[in-house]
Amino acid sequence: MNPVLKIENLTKNFGRLCAVNNMNLQVGAGQVFGMLGPNGSGKTTTLGMLMNVVNPTSGSFKWFGEEATHHTRKKIGAVLEHPIFYPYLTGQKNLELTAMIKGANEAQIADVLRLVELSDRKDDKYRTYSLGMKQRLAIASALLNDPQVLILDEPTNGLDPMGIAEIRELIKKIASDGRTIILASHLLDEVQKVCTHFAVLKKGNMVYSGPVEDVSKGAETVEVKADVDLTDALSSFQGSSSVLRENGYFEVTLTDGVKSKDLNRFLFEKGIIASHLVTKKKSLEKQFLEILAESK
Amino acid sequence: MLHLLKIDLKKMTSYRTFWVVCGLYFFTLGMTTASGMEFLKWLVRMGASFGTEINITRIPFYHFPDVWQNITYVSGFFKAILAFMVVISITNEFTYRTVRQNIIDGLSRKQFIISKVLTNILLSLMSMLMVFVIALVTGLVYSPTIVFTDLVMDLEFFGAYFLEVFAFLSFALLLGMVIQRSGLTIVILVLSQMIEAIIRANVDDYVPWLIPYFPMESISNLIPLPFPRYVFREIQDYVSITSVLVVAGWTFVFNYLAYLKLKKSDI
Ligand SMILES: Nc1ncnc2c1ncn2[C@@H]1O[C@H](COP(=O)(O)OP(=O)(O)O)[C@@H](O)[C@H]1O
Ligand SMILES: [Mg+2]
């Protein structure tokens with residue numbers, strides 16, 4: 001089966017600055033694909049090239065196995081960087097305009113407005129909307145014409161915690177319909193909470209890509225606590241790569257292949273009973289930081 | 001095509017500035033061209049009180065077929081107001097970055113330009129129609145006798161008028177596309193007349209035959225100044241094919257450059 005998106009050797013230079021460097025990437029149908037990278041790492045530029053608003057310096061990409069034309073874009077809903085609308089038009093009128101451009105049925109407008117809970121504000125001018133409402137209108141607009149792919153670029157940027165939670169719920173709801181979603185974000189936990197697959201960008205280079213769940217394989221971290229001081233015991237344990245003291249617990253990062261039960265047995269043999277022992281999967285955040293550090 | 005025009009009109013018809021500027025345009029255009037006779041009569045009354053004797057009503061400004069060239073010539077000055085609207089329309093797309101979203105949503109860059117060009121054509125046609133109605137009505141009111149052959153004579157001035165407005169709006173579109181900021185674009189649009197005049201003055205000393213091919217010059221030459229005929233001078237009372245071809249050429253170049261600019265740029 002064709003991947004939804006296939007990127008080959010895509011490069012973009014802005015003068016001497018290389019914003020995207022020789023990127024190769026595939027996104028399969030139904031994936032929620034995270035593009036993770038700090039600000040300025042080239043996420044928006046990549047998405048801009050995929051939507052034909054930024055002309056690539058070299059390389060190519062295919063949507064649905066074909067060269068992209070403006071007809072392809074009508075089947076992709078995308079919001080890049082910020083919501084963009086005509087400020088003097090109402091939410092409703094803005095969506096009517098998008099529907100005309102996409103060739104979508106105007107009857108869908110009421111549905112998407114309901115989905116993002118903007119129905120009662122649809123006749124107010126866009127410029128009177130709060131940031132959260134603007135983001136939601138952008139998602140509504142992207143959903144017109146029932147797109148197979150949804151591209152969201154930092155959709156929770158600048159929102160308060162409630163707005164962030166709302167948008168994430170919305171993304172999950174949309175993903176559960178089986179749509180492919182590409183989500184660019186500089187927030188790890190956002191990608192972790194929402195995505196199935198992800199790639200990490202750093203200064204225009206893709207330094208990692210794979211399923212989100214794969215990342216949590218590898219070395220484990222164990223949180224331990226006992227009634228006695230563990231400092232000596234833990235430092236004599238062979239299977240750890242680091243021991244940290246945090247919030248009254250010891251955080252032990254295990255070396256590859258060592259499991260938490262090995263640590264438990266070790267302590268038991270030393271005559272220590274752990275009162276608290278929790279195996280933590282390696283968090284994406286640490287991996288991410290490691291990947292960024294590795295790629296130096 | 002019609003679909004693209006509808007898209008651009010949809011952006012405009014809920015925009016207050018659009019109605020204000022267009023209203024201003026059609027109002028001043030209409031008032032000025034239609035009230036010329038009343039203005040002249042007023043001048044005569046003023047003149048009479050100073051003891052000067054001019055029988056202005058004998059000058060056939062509004063008589064067929066003179067009225068066609070006279071009114072299309074005068075109306076040409078107002079196209080700048082319409083051009084401001086075109087500048088606002090295109091630079092808004094850049095300041096709001098809506099051109100970017102339009103492309104993302106599935107317009108091609110060519111379609112985007114075509115939608116703007118179609119609006120320019122529509123505005124030019126509406127302006128032409130309005131000028132025609134004013135000229136027809138004033139002609140019917142002020143011509144002492146109405147001779148059908150006079151009435152249908154010289155109608156080619158409306159074709160020339162349409163081209164004059166459309167060419168200028170195309171130029172405004174290109175400038176807006178390149179400069180992308182409304183204030184600066186309007187300043188450059190106004191200055192471009194002067195800048196070209198300075199260049200022409202210099203060119204005139206070396207290659208005078210080049211003068212009629214300058215864009216602003218050729219646009220203003222489409223409809224020649226008619227008034228010297230009332231002081232018994234020869235005027236060009238027809239539209240020259242060469243002017244039409246030159247202006248049509250420039251119009252194509254303006255719109256094509258606007259397209260190339262959009263095609264090449266990251267938006
Ligand atoms: N139009 C442009 N002209 C010049 N440099 C640009 C342009 N757009 C982006 N850049 C640069 O390209 C790099 C990548 O930017 P961007 O793709 O926006 O990153 P991200 O979305 O990951 O934050 C940044 O260094 C940015 O300054
Ligand atoms: Mg970005």
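1. Some remarks on the site of ligand 1
Residues and elements named next belong to chain A.
Point 1. By nearness alone, every residue bordering ligand 1 is listed as Phe-14, Leu-17, Ala-19, Pro-38, Asn-39, Gly-40, Ser-41, Gly-42, Lys-43, Thr-44 and Thr-45.
Point 2. In the environment of ligand 1, an oxygen atom lies 3.0 Å from a nitrogen or oxygen atom belonging to the backbone of Gly-42.
Point 3. A distance of 2.6 Å separates an oxygen atom of ligand 1 from a polar atom in the side chain of Thr-44.
Point 4. When ligand 1 sits alone it has 560 Å² of accessible area, and the protein chains cover 61% of it.
Point 5. At the level of secondary structure, the elements contributing two or more residues to the shell around ligand 1 comprise β2 (17-27) and α1 (43-50).
Point 6. The dominant element in the shell around ligand 1, judged by the number of residues it contributes, is α1, at 3 residues.
Point 7. Class assignment for the residues of the shell around ligand 1 results in 4 nonpolar, 6 polar and 1 charged.

2. Overview of the packing of aromatic side chains
Both the distance between ring centres and the angle between the ring planes are used here to describe each pair of aromatic rings.
Point 1. Using the criterion set out here, one finds 25 aromatic pairs over all chains in the structure.
Point 2. Each ring, one from Tyr256(B) and one from Tyr259(B), has its centre 6.0 Å from the other, and the planes form 50 degrees; the classification is tilted. Of the two residues, Tyr256(B) and Tyr259(B) both sit in helix α12 (residues 241-264), 3 residues apart, roughly one turn of that helix.
Point 3. Assessed through its relative accessible area of 15%, Tyr259(B) is described here as buried.
Point 4. Every member of this aromatic cluster is reached through a ring pair, and the members are Phe61(B), Tyr73(B), Phe77(B), Phe227(B) and Tyr230(B).
Point 5. The ring of Phe64(A) carries the charged tip of Lys75(A) above its face, separated from the ring centre by 5.2 Å.

3. A look at the packing of helix α4 (residues 66-75) of chain B against helix α7 (residues 109-142) of chain B
Residue and element names in this part refer to chain B.
Point 1. Between α4 and α7, whose axes approach to 10 Å, the crossing angle comes to 140 degrees. With respect to their mutual orientation, α4 and α7 come out oblique. In the crossing of α4 with α7, the sense of the turn from one axis to the other is right-handed. Facing α4, whose interface residues are Val-67, Trp-68, Ile-71, Thr-72 and Ser-75, α7 presents Val-131, Phe-132, Ile-134, Ala-135, Leu-136, Thr-138 and Gly-139.
Point 2. Taken together, the residues of the contact of α4 with α7 break down into 8 nonpolar, 4 polar and no charged.

4. Considerations on the sheet that holds strand β5 (residues 66-67) of chain A
What links the strands of a sheet is backbone hydrogen bonding, and the strands pair in either a parallel or an antiparallel sense.
All names here are of chain A.
Point 1. In space, the 4 strands of this open sheet follow the order β2-β1-β4-β5, with antiparallel pairing throughout. Two strands bound the open sheet, and with one partner strand each, they are β2 and β5.
Point 2. Pairing of strand β1 (residues 5-14) with β2, which is carried by 7 bridges, proceeds in the antiparallel orientation. Within the sheet, the bridge partner assigned to Ile-7 lies in β2 and is Leu-25.
Point 3. The sheet contacts of α1 involve β1, β2 and β4 (58-63), and relative to β1 the element is tilted by about 115 degrees.

5. Observations concerning the interface of chain A and chain B
Many descriptions give the size of an interface as the accessible area lost when the pieces come together.
Point 1. Contacts between the two partners involve 27 residues from chain A, matched on the other side by 28 residues from chain B.
Point 2. Across the interface of chain A and chain B, roughly 2700 Å² is buried in total on both sides, 57% from carbon and sulfur atoms.
Point 3. Linking chain A with chain B are 3 salt bridges, by the criterion used here.
Point 4. Among the ionic pairs, Asp266(B) bridges to Lys12(A), the shortest N-O distance being 2.9 Å.
Point 5. For the pair chain A and chain B, the number of links is 16 residue pairs in polar contact (both at pLDDT 80 or more).

6. Looking at a nonpolar patch on the surface
Residues and elements named next belong to chain B.
Point 1. Together, Val-187, Val-190, Leu-191, Met-194, Ile-195 and Ile-199 make up an exposed nonpolar region whose accessible area comes to about 490 Å².
Point 2. Examined against the element boundaries, Met-194 turns out to sit in helix α10 (residues 182-204).
Point 3. On the accessibility criterion, Met-194 (49% relative accessible area) is partly exposed.

7. Quick word on the side chain of Thr11(A)
Point 1. As for its position among the elements, Thr11(A) is in strand β1.
Point 2. If sequence neighbours within four positions are ignored, Thr11(A) has contacts with Val20(A), Asn21(A), Asn22(A), Met49(A), Pro56(A), Thr57(A) and Ser58(A).

8. Considering the side chain of His70(A)
Point 1. Positionally, His70(A) belongs in helix α2 (residues 70-74).
Point 2. Those residues in contact with His70(A) that lie beyond four places of it in its chain are Gly106(B), Leu107(B), Ser108(B) and Gln111(B).

9. Some details on the pattern of salt bridges
All names here are of chain A.
Point 1. Within this structure, the stated rule accounts for 24 salt bridges over all chains.
Point 2. In this structure, Glu-166 and Arg-136 form a salt bridge, with 3.7 Å as the shortest nitrogen-oxygen distance. Of this pair, Glu-166 sits in helix α6 (residues 161-175) while Arg-136 is found in helix α5 (residues 131-143), placing the two residues 30 residues apart along the sequence.
Point 3. For Arg-136, a relative accessible area of 15% corresponds to the buried category.

10. What about the confidence of the model for chain B?
Point 1. For chain B, per-residue confidence averages 91 on the pLDDT scale, and residues scoring 70 or more make up 96% of the total.
Point 2. Prediction confidence for the complex, expressed as pTM and ipTM, is 0.87 and 0.91 respectively.

11. Regarding helix α2 (residues 16-34) of chain B
What sets the pattern is the α-helix's 3.6 residues per turn: residues three or four places apart point alike.
All names here are of chain B.
Point 1. Taking 1.5 Å of rise per residue, 19 residues should cover 27 Å, and α2 covers 26 Å from first to last C-alpha, within 8% of that figure.
Point 2. Three or more residues of α2 are buried, namely Phe-18, Val-21, Cys-22, Tyr-25, Phe-26, Leu-29, Gly-30 and Thr-33. Looking straight down α2, one finds that the buried residues subtend no more than 150 degrees of arc, so they occupy a single side. Exposed side chains of α2 directed beyond 90 degrees from the buried face belong to Arg-16, Val-20 and Phe-27.

12. Remarks on the sheet that holds strand β9 (residues 197-202) of chain A
All names here are of chain A.
Point 1. Pairing in this open sheet of 6 strands is mixed, and the strands run β6-β7-β8-β3-β9-β10 from one edge to the other. Looking along the sheet, the strands with just one partner apiece sit at the ends: β6 (76-79) and β10 (205-211). Mean inter-strand twist for the sheet, computed between neighbouring axes without regard to direction, equals 10 degrees.
Point 2. In this structure, β9 lies alongside β10, joined through 6 bridges in antiparallel fashion. Considered in β10, the bridge of Lys-202 is made with Asn-205.

Criteria and thresholds
Residues numbered from 1 in each chain as written. Chains lettered and ligands numbered in written order. Predicted model: local features only at pLDDT ≥ 70, side-chain atom pairs only at ≥ 80, totals over all residues. Heavy atoms only, no water. Near = heavy atom within 4 Å. Polar contact = N/O pair within 3.5 Å; in protein donor to acceptor, adjacent residues only side chain to side chain. Areas by Shrake-Rupley, 256 points an atom, 1.4 Å probe, with all protein chains shown as cover. Helix = DSSP H or I, 4+ residues; strand = E, 2+ residues; numbered from the N terminus. Nonpolar A, V, L, I, M, F, W, Y, C, P; charged D, E, K, R; others polar. Phe/Tyr/Trp six-rings, centres within 6.5 Å; stacked < 30°, edge-to-face > 60°. Buried < 20%, exposed > 50% of the residue type's maximum accessible area, 1.4 Å probe, protein only. Lys NZ or Arg CZ within 6 Å of the ring centre and 35° of its normal. Axes fitted to C-alpha atoms, helices over the stretch in contact; angles between N-to-C directions. Parallel < 35°, antiparallel > 145°, perpendicular 65-115°, else oblique. Left-handed = near helix turned anticlockwise from the far one by under 90°. Contact = heavy atoms within 4.5 Å. Pairing = 2+ DSSP bridges. Buried area = accessible area lost by both parts, 1.4 Å probe. Salt bridge = Lys/Arg side-chain N within 4 Å of Asp/Glu carboxyl O. Patch = residues over 30% accessible without salt bridge, like charges linked within 9 Å, V, L, I, M, F, W, Y side chains within 5 Å. pLDDT = per-residue confidence, 0-100. Expected span 1.5 Å × (residues − 1). Arc of directions from axis to C-beta.

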